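Structure assessment
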Amino acid sequence: MSNILWKSLVVSPAILGAALLVSSTAIAAPSTTKGASSIETSSTAEVSQQPAVLATETKEAQVLAQVNRYSNENNTSINQVTSVSQFSDVQPTDWAFQALQSLVERYGCIAGYPNGTFRGNRALSRYEFAAGLNACLDRVNELIATATADMVTKQDLATLQRLQEEFSAELATLRGRVDALEGRTAELEANQFSTTTKLKGEAIFAVTDAFGSETGKANRAVFQDRVRLGLETSFTGRDILTTRLAAGNATGFSLRDKTGNPINAGGVGKQTFEVGSTSPANSVEIDKLTYEAPLGPARVYLSASGGQHSDYAAVNNPYFFDKTDGGKGALSTFASENPIYRIGGGSGIALNVPFGKPGSSFLKPSSITLGYLASNNSVSNAASPAPSNGLFDGNYAALGQLNFNVGNRVALAATYVHGYQKAGSTLFDSGFDGGALVGTAQANSLGADRTILNAPSTSASSSNSYGISAAIKPSDKLSLSGFVSYHDVTGFGANDDKEAWSYGAGLALPDFGKKGNVLGIFGGAQPYSLGATGRETPYQVEGFYKYRVSENVSVTPGVIWMTSPGQNNTSNDAFVGTLRTTFSF
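Computed from a predicted model, the values in this text were never measured in an experiment.

Rules used in this analysis
- Residues numbered from 1 in each chain as written.
- Predicted model: local features only at pLDDT ≥ 70, side-chain atom pairs only at ≥ 80, totals over all residues.
- Heavy atoms only, no water.
- Helix = DSSP H or I, 4+ residues; strand = E, 2+ residues; numbered from the N terminus.
- Buried < 20%, exposed > 50% of the residue type's maximum accessible area, 1.4 Å probe, protein only.
- Contact = heavy atoms within 4.5 Å.
- Areas by Shrake-Rupley, 256 points an atom, 1.4 Å probe, with all protein chains shown as cover.
- Salt bridge = Lys/Arg side-chain N within 4 Å of Asp/Glu carboxyl O.
- Polar contact = N/O pair within 3.5 Å; in protein donor to acceptor, adjacent residues only side chain to side chain.
- Core = buried A, V, L, I, M, F, W, Y, C linked by side-chain atoms within 4.5 Å.
- Phe/Tyr/Trp six-rings, centres within 6.5 Å; stacked < 30°, edge-to-face > 60°.
- pLDDT = per-residue confidence, 0-100.
- Patch = residues over 30% accessible without salt bridge, like charges linked within 9 Å, V, L, I, M, F, W, Y side chains within 5 Å.

1. Brief notes about the overall build of the chain
The helix and strand inventory of the chain stands at twelve helices and 16 strands. The burial tally for the chain puts 47% of its 585 residues in the buried class. In the chain, of all internal contacts separated by at least 6 residues, the share reaching a separation of at least 24 is 67%. For the chain, the exposed surface amounts to about 28,000 Å²; the carbon and sulfur share of it is 58%.

See below:
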């Protein structure tokens, strides 16, 4: 037998000691932790933002998960300790103290955690054991050159050989994974776009048409688009700077009454891909510039342009809401989120502060959200220093919201928004897009004498809005959500006070027919204000089916049904049919 082999056997007690220590620990110390709930909600986001999609893990996925868990722990470990006394949780009275002392002080192949602990009472996986064995084998190779004693037995040789054979698959997997990661890292370093920035994009192709009596006759089928390209930059790993470019050519349909005359329908029937259309059509502009970062336990949101309340506030509308009028949720702006979040937007600041402690209590960690956004549009410009503009002298909307997570499947939010609107403004606008995004003309008209039909806006107004949103997920295959909002508007002119209401509810069936698909139905009353110019409640019902072609492509056919869009009985029901294709990366 060669000298190298005989010298390697001198240090084989290290292998034997490692096997005894880690295997005995795994048997003697069963795990006391319970599996985490699969639908656990966070304190800063509700079940709507990131709906849980569960799938049975394959054996390969479980293997990779084990390797990842060990790798993550190994990344946070301290350097090799030189004395067992460096571990704060290891005492001389522990049953494995001498074995651990031998491994640390004689062979030097044991490391601990950054807080100076060894955590000897936790269970470990075969992959963790294999990684520890590999570390000791590497240490053996280092000691071979200096080993001179030839104290060895055939039993030592057999034990070492059995350990290597028993964990050969795990060792090969770990080494193969390291080789693959090194190759991928080299490729990324050679071809990466940026070390701090990710490029994300979404392109929407939509074929859509309007139907129903006079409305159908006045419109034609159209092929429209909207494209968004976003640069998401992180400087610390926990913050994110979003710079988004947008272009689009979508235009809403002209709704008609029974005599064929146009109806001033406000934002009724507006579709999400119409938000952000540019003028002239498909011209490119920066429509969002925001920055988010942690501030102690809280998270701060800053918007230089294009900020929306639903960017930072939990809207509690899973599967219908998609990242502020994205292309993977509902077709209409009404079904996407509570209209209270449509009051104002633009430039400003927001803060999300969590409260409550995780645990087994019924009330899970929740949060309070505060935000202030000043408008950037043709009526009021937060970037202009001119009188009646700027951050505080023009249009603005201040939001306060309490978010509650009840149990693991229920999320609630109570919202208040105070707004100021100059003459010529609408109530439910985005603060930068111009025009109403939801609601009838009667609900959106501000500063106008309500006793006069089509009276112009001549005075400013202030509004106080109150809303409740809720999301319930009884199972992984069913999601329920809904909202109610009330809006009290005080005008500064004659007969221009008003009240507006809105409510809606939705049912979504995730993974319907195929993983990633969603069948959704949403119905309710568009924001309306009953008065001298309209007595009918404008209802809207939407049904859609999002079919996931691949991870990056989805096709969504759907229908929107609107009743009394002009809030009177002279308006025919109108229908909009859409086939939307969304490409994302």
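After presenting the structure, the write-up continues.
2. Focus: the pattern of salt bridges
Counted according to the given criterion, the structure contains eleven salt bridges. In this structure, Glu232 and Lys200 form a salt bridge, with 3.4 Å as the shortest nitrogen-oxygen distance. In this pair, Glu232 sits in strand S2 (residues 222–233) while Lys200 sits in strand S1 (residues 197–211), placing the two residues 32 residues apart along the sequence. With a relative accessible area of 24%, Glu232 lands in the partly exposed category. The class of Lys200 is partly exposed, set by a relative accessible area of 38%. The partner of Lys270 in a salt bridge is Glu274, and the shortest N-O contact between them spans 3.8 Å. The class of Glu274 is buried, set by a relative accessible area of 8%. Within this structure, Asp325, Glu337 and Arg342 form a network of salt bridges that share partners.

3. Comments concerning the side chain of Ser584
Relative to the helices and strands, Ser584 resides in strand S16 (residues 574–584). Reaching out from Ser584, the side chain makes a polar contact with the side chain of Lys328 at a distance of 3.1 Å. Those residues within four positions of Ser584 in sequence are excluded, and the remaining contacts are Gly201, Glu202, Lys328, Glu551 and Asn552.

4. Overview of the side chain of Ser529
The topology assignment puts Ser529 in the loop between strand S13 (518–528) and strand S14 (539–548). Polar side-chain contacts of Ser529 include one of 2.9 Å to the backbone oxygen of Glu499.

5. Observations concerning the nonpolar core
Counting 40 residues, the largest nonpolar core has Tyr312, Ile343 and Met562 as its most contacted members. Contributing elements (two or more residues each) for this core: helix H10 (333–336), strand S8 (396–406), strand S11 (478–491), strand S12 (498–510), S13, strand S15 (553–562) and S16. Membership of the second largest hydrophobic core comes to nine residues, among which are Val90, Leu103, Ile110 and Phe118.

6. Things to note about unusual backbone geometry
Following Ser279, the chain continues to Pro280 via a peptide bond in cis, the omega torsion being -5 degrees. Following the sequence through the fold, Pro280 ends up in the loop between strand S3 (240–248) and strand S4 (285–295). Backbone geometry places Gln567, a non-glycine residue, at a positive phi of 60 degrees. One can find Gln567 in the loop between S15 and S16.

7. Here we look at the packing of aromatic side chains
Inspection of the entire model under this criterion finds 18 aromatic pairs. When the centroid spacing of 5.4 Å and the interplanar angle of 65 degrees are considered together, the rings of Phe205 and Phe583 count as edge-to-face. With Phe205 in strand S1 and Phe583 in strand S16, this pair connects stretches of sequence that are 378 residues apart. Given a relative accessible area of 39%, Phe205 falls into the partly exposed group. Residue Phe583 is classed as partly exposed on the basis of its relative accessible area of 34%. What links up through ring pairs into an aromatic cluster is the set Phe320, Phe334, Phe483, Phe522 and Phe544.

8. Observations concerning the environment of Ser303
Within the secondary structure layout, Ser303 lies in strand S5 (residues 298–307). A residue is classified by how much of its surface remains accessible, and Ser303, at 6% relative accessible area, is buried. Separated by eleven residues in sequence, Ser303 and Glu292 have C-alpha atoms that sit 8.8 Å apart. Residues contacting Ser303, with those up to four places away along its chain left out, are Leu289, Thr290, Gly346, Ser347, Gly348 and Leu373. Within the structure, the side chain of Ser303 is placed 3.0 Å from the backbone nitrogen of Gly307, a separation counted as a polar contact.

9. Some details on the confidence of the model for the chain
In the predicted model, the chain carries a mean pLDDT of 81, and the fraction of residues at 70 or more is 76%. Contacts from residues 1–60, a stretch scored under 50 in pLDDT, to residues over four places away or in other chains number 105 contacts.

10. Focus: a nonpolar patch on the surface
Together, Phe193, Leu199, Val227, Leu229, Leu231, Leu245, Val284, Ile286, Leu289 and Phe585 make up a nonpolar patch on the protein surface, roughly 880 Å² of accessible area in all. For the nonpolar patch, the secondary-structure elements that each account for two or more residues are S2 and S4. At three residues, the largest contribution of residues to the nonpolar patch is made by S2. Here Val284 lies in the loop between S3 and S4.

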